Amino acid sequence: MTWWKPNTWFINEESKSFKNKEDRLSDKQAQAQSGEGVEDLSISGFGVNGLSTFNSFYDSYIDKKHQDEVNKIMNYRSMVSNPEIADVVEDAVNESLQVDDDGYVINFKISDDTITGKETVMKNINNEFYDLFYNKLNIEDLLWDMMYIYYVDGRLYTENVVNENRKSEGLIKLKVLPSETMDRLYDEHGRVQYYIQYLKQNVRKPKTVEDAKNDEHIVLFYPSQVNFLPFQYGRSKDVIYGYLEKCKVPYNQLKLLETSMIIYRIVRAPERFVFKIDTGAMPRDKAMKYVEKIKQKMNKKQTFNPESGQLENNSSIMSIMDNFWLPQGENRGSDISTIGGSNVGFKDLDDIHYFAKKLFRSLKYPISRVENRFEDSSGETLFRGSSTGEISRDEIKWAKFLERSQKKFSRMLRDIFLLHLEFKGKKEKYGLNKDNFQITFNSPSDYKDQMKQQLLETRMDNYTTLSTEEGFSKYFLMKKMLNWDEETIQENADGLKKDKELGLASEEGGGGGMF
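The structure displayed is predicted, hence computed values, not measured ones.

Chemist: Mind showing me how you'd approach the sheet that holds strand E5 (residues 192-198) here?
Modeler: Judged by pairing direction, the sheet is antiparallel, and its 3 strands sit side by side in the order E4-E5-E6 without closing on themselves. Each edge of the open sheet carries a strand with a single partner, namely strand E4 (182-186) and strand E6 (218-221). Each strand of the sheet is rotated relative to its neighbour by a mean of 30°, with strand direction disregarded. Bridge count for E4 against E5 is 5 bridges, and the pairing is antiparallel. Within E5, the residue paired with Met-182 across the bridge is Gln-197.

Quick look at the structure:
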């Protein structure tokens, strides 16, 4: 994987327009939200000189945290070349970006009653939302690339772009930045001071903002200028673990096992010829020389080269394999037979299947989808769905995992929309903030609807069974079994009367036995 090579238009990316645009936490709020395992605290204060001198030396000259992260990203990208991992990542992205009946991937919802009651304001906000994401940013295509990078690299950096001459038009573009070139500078409370981009490899990470500004190989971005989405933090905010981190061990195990299986097939699977040469009553040493002579003669084949007009000695195809040449005396005649050709390596794949399933589990992928992969003789992956009314546990876990990723992207898109409105001067005008509206994705699975349907069917079955008993009131059962309120019960009663007036009621007149 080659290092990213910047173009000249990347050099002056620091835009004053984004200065102080972020919703920055106060020192007290940042300190309250910080916790163990997030901040990277250096050890100091031991011994005569303490370890602070060593930490300072290490941080200044030996610190390879960013290079470790780059190596991690490159390793993730090499892993995704595996077809199983590539299929899972693509499925995760495709299922996260479901399209609703209107053709939208994301939708906008305001929860503040003071805003929803103003029809003109609601119309203007909706127009701003759909114009930004679907007309300017083309979010449908961009989201696929962004999510794919997020799942593979374990992090996502995007830059908010505005026209410096016409900032009142808001954002005009969302640009994806190469993950391997990006880093962050934090303050003492764990807040991002600046995002930085390295324009060449092996650049020492600056310790202060001034160091970064004085380095010609580093580009600075204001916090609100870049959207940063990590998959999971490690022991500090400088360490990020990606989606593929947990599958590194089963991936390497599967890779080694598949390689050893191929080697076994190449070495052990082919059949060998056994040439038994009749040597008559020759002495042993003479018989062996005779067999060697026959062997050399058989391994070389004299052919005519029409281009050079000469006879050439070419190796025979039989010499490629490890054949056996044996003398055979007592006038038993010559004979050619075969030996070997084991097909065990072609059929016994249980260990391969075990590590493949382990790989899918590490990716949180539903095993029920790929179980038939190891049973189908054609070798095609069969996606076996559950029977009607059944929801597999691993499908629910997979859907919830995708929903958590969707929520991360929803928060990022929410901040982008607020920044866009702030540039246009409409954020305060409409009274929008992070708490009174949401940007939502469509559900990656219909498991919630299926669970509701199962619960409704169970309640209806219980109601039908108990309603025939003399000791139970239908009114009571409607409230307890069906969870109907007074208004719903009355609506149902009115509907039954209307059915009778229109002649829609059944001959028994029970309206389905509800009353």
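This is not the end of the story, as more comes after the structure.
Chemist: Would you mind showing me how to read helix H12 (residues 350-362) here?
Modeler: Side chains that are three or four residues apart share a direction in an α-helix, a result of its 3.6 residues per turn. Taking 1.5 Å of rise per residue, 13 residues should cover 18 Å, and H12 covers 18 Å from first to last C-alpha, within 8% of that figure. Positive phi appears at Lys-364, one or two residues downstream of H12, with a value of about 65°.

Chemist: Help me understand a positive patch on the surface, please; the structure alone is not making it clear to me.
Modeler: Together, Lys-246, Lys-364, Arg-393, Lys-397, Lys-400, Arg-404, Lys-407 and Arg-411 line one region of the surface with positive charge. Relative to the helices and strands, Arg-404 resides in helix H13 (residues 393-423).

Chemist: Looking at this structure, I do not really get the packing of aromatic side chains. What am I missing?
Modeler: The geometry of two aromatic rings is summed up by the distance between their centres and the angle between their planes. Enumeration over the complete set of coordinates arrives at 28 aromatic pairs. Consider the rings of Phe-108 and Phe-437, whose centres lie 5.4 Å apart with planes at 40°: the pair is tilted. Placement of the pair is Phe-108 in strand E1 (residues 106-110) and Phe-437 in strand E15 (residues 437-441), with a sequence separation of 329 residues. Each member of the pair, Phe-108 together with Phe-437, is buried. In textbook terms, an aromatic cluster arises when at least three aromatic residues are bridged by ring pairs, as seen for Tyr-150, Tyr-151, Phe-231, Tyr-243, Phe-360, Tyr-365, Trp-398, Phe-401 and Phe-409. When the ring centre of Phe-401 is taken as reference, the NZ or CZ atom of Lys-364 above it lies at 5.2 Å.

Chemist: Teacher, can you tell me more about helix H7 (residues 139-153) here?
Modeler: In this model, H7 (15 residues) spans 20 Å end to end at C-alpha, consistent with the 21 Å of a helix rising 1.5 Å per residue. For H7, the complete set of buried residues consists of Ile-139, Leu-142, Leu-143, Met-146, Met-147, Tyr-150, Tyr-151, Val-152 and Asp-153. Phi turns positive one or two residues past the end of H7, at Gly-154, with a value near 80°.

Chemist: Looking at this model, I keep getting lost on a negative patch on the surface. Mind explaining?
Modeler: On the surface, Asp-485, Glu-487, Glu-491 and Asp-494 cluster together to form a negatively charged patch. Its location among the elements puts Glu-487 in helix H17 (residues 486-502). Residue Glu-487 is classed as exposed on the basis of its relative accessible area, which comes to 56%.

Chemist: Before we go on, may I ask you to explain the nonpolar core in this structure?
Modeler: Considering soluble globular proteins, one finds that nonpolar side chains tend to be buried as a cluster. Grouped together as the largest cluster of nonpolar side chains are 69 residues, with contacts concentrated most on Ile-85, Ile-106, Phe-133, Tyr-243, Phe-409, Phe-417 and Leu-432. With 12 residues, the top contributor of residues to this core is H13. Filtering out sequence-adjacent residues up to four positions away, Phe-133 remains in contact with Ile-106, Asn-138, Ile-139, Leu-413, Ile-416, Phe-417 and Ile-439. If you look at the next biggest cluster of nonpolar residues, it comprises 11 residues, including Leu-177, Met-182, Phe-228 and Ile-240.

Chemist: What exactly am I supposed to notice about the pairing of E5 here?
Modeler: If a strand is regular, its side chains alternate between the two faces of the sheet. Here E5 lies mainly inside the structure; 6 of its 7 residues are buried. Here E4 folds back onto E5 in antiparallel fashion, the turn holding 5 residues, of which Gly-190 has a positive phi close to 80°. Alignment of E5 against E6, held across 4 bridges, turns out to be antiparallel. Across the sheet, residue Tyr-198 finds its bridge partner in E6, namely Ile-218.

Chemist: Which parts of the structure should I look at to understand the sheet that holds strand E2 (residues 155-162)?
Modeler: Strand pairing in a sheet relies on backbone hydrogen bonds. The paired strands run either parallel or antiparallel. Read across the sheet, 3 strands follow the order E3-E2-E7 without closing on themselves; strand pairing throughout is antiparallel. Two strands bound the open sheet, and with one partner strand each, they are strand E3 (171-177) and strand E7 (226-230). With strand direction ignored, the average angle separating the axes of adjacent strands in the sheet is 20°. The sheet contact formed by E2 and E7 spans 5 bridges and is antiparallel. Within the sheet, the bridge partner assigned to Glu-159 lies in E7 and is Val-226. Sheet strands in contact with H7 are E2, E3 and E7, and its direction is about 145° off that of E2.

Chemist: Hey, could you run me through unusual backbone geometry in this one?
Modeler: Trans peptide bonds make up most of the peptide bonds, and negative phi angles are found at most residues other than glycine. For Asn-202, which is not a glycine, the phi torsion comes out positive at approximately 55°. Position of Asn-202 among the secondary structure elements: in the loop between E5 and helix H8 (209-213). Here Asn-202 falls in the exposed class, since its relative accessible area comes to 65%. Phi is positive for Asn-483, which is not a glycine, with a value near 60°. With respect to the helices and strands, Asn-483 occurs in the loop between helix H16 (474-480) and H17.

Chemist: I keep staring at the pattern of salt bridges and nothing clicks. Help me out?
Modeler: Using the criterion set out here, one finds 20 salt bridges in the structure. Its salt-bridge partner being Asp-153, residue Arg-77 comes within 2.9 Å of it at the nearest N-O pair. One end of the pair, Arg-77, is in helix H3 (residues 65-79); the other, Asp-153, is in helix H7, with 76 residues separating them in the sequence. The partner of Glu-159 in a salt bridge is Lys-175, with the nearest N and O atoms 3.4 Å apart. Pair noted here: Glu-159 is in strand E2 and Lys-175 is in strand E3, with a separation of 16 residues, a long-range link. Each of Lys-65, Asp-183, Lys-205 and Asp-238 takes part in a single network of salt bridges with overlapping partners.

What counts and what doesn't
- Residues numbered from 1 in each chain as written.
- Predicted model: local features only at pLDDT ≥ 70, side-chain atom pairs only at ≥ 80, totals over all residues.
- Heavy atoms only, no water.
- Pairing = 2+ DSSP bridges.
- Helix = DSSP H or I, 4+ residues; strand = E, 2+ residues; numbered from the N terminus.
- Axes fitted to C-alpha atoms, helices over the stretch in contact; angles between N-to-C directions.
- Expected span 1.5 Å × (residues − 1).
- Patch = residues over 30% accessible without salt bridge, like charges linked within 9 Å, V, L, I, M, F, W, Y side chains within 5 Å.
- Areas by Shrake-Rupley, 256 points an atom, 1.4 Å probe, with all protein chains shown as cover.
- Salt bridge = Lys/Arg side-chain N within 4 Å of Asp/Glu carboxyl O.
- Lys, Arg positive; Asp, Glu negative; His and termini not counted.
- Charge placed at Lys NZ, Arg CZ, Asp CG, Glu CD.
- Phe/Tyr/Trp six-rings, centres within 6.5 Å; stacked < 30°, edge-to-face > 60°.
- Buried < 20%, exposed > 50% of the residue type's maximum accessible area, 1.4 Å probe, protein only.
- Lys NZ or Arg CZ within 6 Å of the ring centre and 35° of its normal.
- Core = buried A, V, L, I, M, F, W, Y, C linked by side-chain atoms within 4.5 Å.
- Contact = heavy atoms within 4.5 Å.

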